[in-house]
Amino acid sequence: MQFETKLLSSSDADIKEAAEIILKGGIVGMPTETVYGLAADAENADAVAEIFRAKGRPQDNPLIVHIGDIADFEKYAKNVPDMAYKLAEKFCPGPLTMVLPKRDRIPDVTSAGLDTVGIRMPSHKAALALIRTSGKAVAAPSANLSGSPSPTTADHVMNDMRGRIPAIIDGGSCPVGVESTVISFEGNAVRILRPGFISAEELSEFAEVIIDRHITEAAECGERVLSPGMKYKHYSPKANVTIIEGSGTDYINFVNSQGGEGVYAMPFDCDEKFCKIPCIPYGDSSEEQAARLFAALRKFDELGAKQVYARCPSKEGVGLAVYNRLLRAAGFEIKVI
Ligand code: AMP
Ligand code: MG
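Note that the structure is a prediction, hence the values are computed from the model and not measured.

Caption draft 1: Summary view of the overall build of the protein chain. Regarding its fold elements, the protein chain presents eleven helices and 15 strands. Here the C-alpha radius of gyration of the protein chain, 20 Å, is about what a compact globule of 337 residues would show, namely 20 Å. Counting only C-alpha atoms and orienting by the principal axes, one finds that the protein chain spans roughly 55 × 50 × 35 Å. A total of 337 residues make up the protein chain; the buried ones form 56% of that total. In the protein chain, of all internal contacts separated by at least 6 residues, the share reaching a separation of at least 24 is 66%. Per element, the accessible surface of the protein chain, about 13900 Å² overall, is 48% carbon and sulfur. Of the charged side chains in the protein chain, 37 are positive and 45 negative, and the gap between their average positions amounts to 3 Å.

Structural data, given as structure tokens:
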């Protein structure tokens, strides 16, 4: 179906209009603290099927269910371990998704046929208002066309989804900038399936933490991965992206020896003044890099970049999430210098 995608604000009246779209089985572009999502009633199989169509998302890639109250974990999941409540007390609302055994009210299309469901309670005011006003938990994957960088502004969503969905709520830039940390439970341990703003270091204050190897390693062809999204090339601009791993000086020397049409650097802010080729810096701290990474990757498309040399981020704390997204954008192409 073709829509005249309407831009809404987060005023009460506009949230009410967006909630009515959700109640009628439609899709709304929704700001969250991580990235923008495409929200639809998580229990309405037809509405959720529309999300897959709008994004061009593979059917075997499950959606995260967003709730408006911690008590709702029980409504959509069963056998919720005590550890989940401990973590919820500390990190919810916020960018932490917990994978739990699903209740039957979650249709198969939402969980991509798995018997588990990823649930999180976002902290963004507009997201909470939409969920609470509609009275519905919403399934909401990132609001990009499948494969492209996730959207961190309403403009990014409009670029990808114009004509495909009826409305987008403009909530400004997403403060976190990378998707939520996804975890599952294994006895007393938690396994990080996708790194995000809630870091392994923070989680390790509550539980033993296992970092799934597919966070930093490509899956073999046909290999089963615990987090289906991890097997796809993702977050990628049209340009070829190469991660350059080495010291700051080595990075500068490397990019300054490159050149030609469409060749760009993606350095840290502190490198910018030394770069002799065109560049888009993406921050110095891991938090800044998380917030600016996807916007930078989208900018390279606007500039018609053909090759991007990205300086390898730190792999500590939030840096692991930045590294994981960049690895996928680069199709795991790393040059160690
Ligand atoms: P996105 O909606 O684009 O943020 O992607 C959500 C990601 O969360 C998926 O690609 C999966 O990797 C992960 N995920 C969601 N639900 C589950 C689940 N039930 N089991 C494992 N991983 C999940
Ligand atoms: Mg996504």
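Caption draft 2: Representation of the packing of helix α10 (residues 286–302) against helix α11 (residues 319–329) in the model. For the pair α10 and α11, the least separation of the axes is 8 Å and the interaxial angle reads 20°. Between α10 and α11, the angle falls in the class roughly parallel. For the pair α10 and α11, the crossing hand works out as left-handed. Contacts between α10 and α11 pair S286, Q289, A290, L293, F294 and L297 from the former with G319, V322, R325, L326 and A329 from the latter. Residue composition of the contact of α10 with α11, by class: seven nonpolar, three polar and one charged.

Caption draft 3: Molecular detail of the side chain of E179. In this structure, E179 sits in the loop between β8 (167–169) and β9 (181–186). Within the structure, the side chain of E179 is placed 2.4 Å from the side chain of S150, a separation counted as a polar contact. At a separation of 2.8 Å, a polar atom in the side chain of E179 contacts the side chain of R325. In contact with E179, not counting residues within four places along its chain, are T34, V35, S150, R194, P195, G196, F197, Y235, F294 and R325.

Caption draft 4: Summary view of the site of ligand 1. Taken together, 18 residues lie near ligand 1, and N61, T116, R194, S227 and G229 sit nearest. T116 has a polar side-chain atom sitting 3.0 Å from a nitrogen atom of ligand 1. Between an oxygen atom of ligand 1 and a side-chain N or O atom of S142, the distance comes to 3.2 Å. When ligand 1 is considered free in solution it has 500 Å² of accessible area, and contact with the protein chains removes 95% of it. Elements that contribute at least two residues to the shell around ligand 1 include exactly β6 (116–120) and β10 (189–194). The biggest single contributor to the shell around ligand 1 is β6, with three residues. Of the residues assigned to the shell around ligand 1, the class counts are ten nonpolar, six polar and two charged.

Caption draft 5: Summary view of the sheet that holds strand β14 (residues 307–311). Ordered by their spatial adjacency, four strands build an open sheet running β13-β14-β12-β15, and the pairing between neighbours is parallel. Only two strands of the sheet have a single neighbouring strand rather than two, namely β13 (263–266) and β15 (334–336). Within the sheet, the average angular offset between the axes of one strand and its neighbour, ignoring direction, is 25°. Relative to β14, strand β12 (residues 240–245) is paired through five bridges, and the arrangement is parallel. Among the inter-strand pairings, I244 is bridged to a residue of β14, identified as R311. Against the sheet, α10 touches β13 and β14, its axis set at about 170° to β13. Taken strand by strand, α11 contacts β12, β13, β14 and β15, and its axis lies near 135° from that of β12.

Caption draft 6: Quick look at the sheet that holds strand β4 (residues 64–66). If you trace the eleven strands from one edge of the open sheet to the other, you get β1-β8-β2-β3-β7-β4-β6-β5-β9-β10-β11, paired in mixed fashion. Each edge of the open sheet is held by one strand with a lone partner, namely β1 (6–8) and β11 (208–211). With two bridges joining them, β4 and strand β7 (residues 138–139) adopt antiparallel strand pairing. Across the sheet, residue V65 finds its bridge partner in β7, namely A139.

Caption draft 7: Here's a closer look at the pattern of salt bridges. A full pass over the atoms with the stated rule returns 19 salt bridges. E33 serves as the salt-bridge partner of R120, at 2.7 Å between the closest nitrogen and oxygen. Here E33 lies in the loop between β2 (28–30) and β3 (37–41) and R120 lies in strand β6, a separation of 87 residues in the sequence. Judged on exposure class, the residue R120 and its partner E33 are both buried. The partner of E50 in a salt bridge is R53, and the shortest N-O contact between them spans 2.7 Å. Of this pair, E50 and R53 are both found in helix α2 (residues 45–55), three residues apart, which corresponds to roughly one turn of the helix. Residue class for R53 comes out partly exposed when judged on its relative accessible area of 35%.

The rules behind each value
Residues numbered from 1 in each chain as written. Chains lettered and ligands numbered in written order. Predicted model: local features only at pLDDT ≥ 70, side-chain atom pairs only at ≥ 80, totals over all residues. Heavy atoms only, no water. Helix = DSSP H or I, 4+ residues; strand = E, 2+ residues; numbered from the N terminus. Rg over C-alpha atoms; globule rule 2.2 N^0.38 Å. Buried < 20%, exposed > 50% of the residue type's maximum accessible area, 1.4 Å probe, protein only. Contact = heavy atoms within 4.5 Å. Areas by Shrake-Rupley, 256 points an atom, 1.4 Å probe, with all protein chains shown as cover. Lys, Arg positive; Asp, Glu negative; His and termini not counted. Charge placed at Lys NZ, Arg CZ, Asp CG, Glu CD. Axes fitted to C-alpha atoms, helices over the stretch in contact; angles between N-to-C directions. Parallel < 35°, antiparallel > 145°, perpendicular 65-115°, else oblique. Left-handed = near helix turned anticlockwise from the far one by under 90°. Nonpolar A, V, L, I, M, F, W, Y, C, P; charged D, E, K, R; others polar. Polar contact = N/O pair within 3.5 Å; in protein donor to acceptor, adjacent residues only side chain to side chain. Near = heavy atom within 4 Å. Pairing = 2+ DSSP bridges. Salt bridge = Lys/Arg side-chain N within 4 Å of Asp/Glu carboxyl O.

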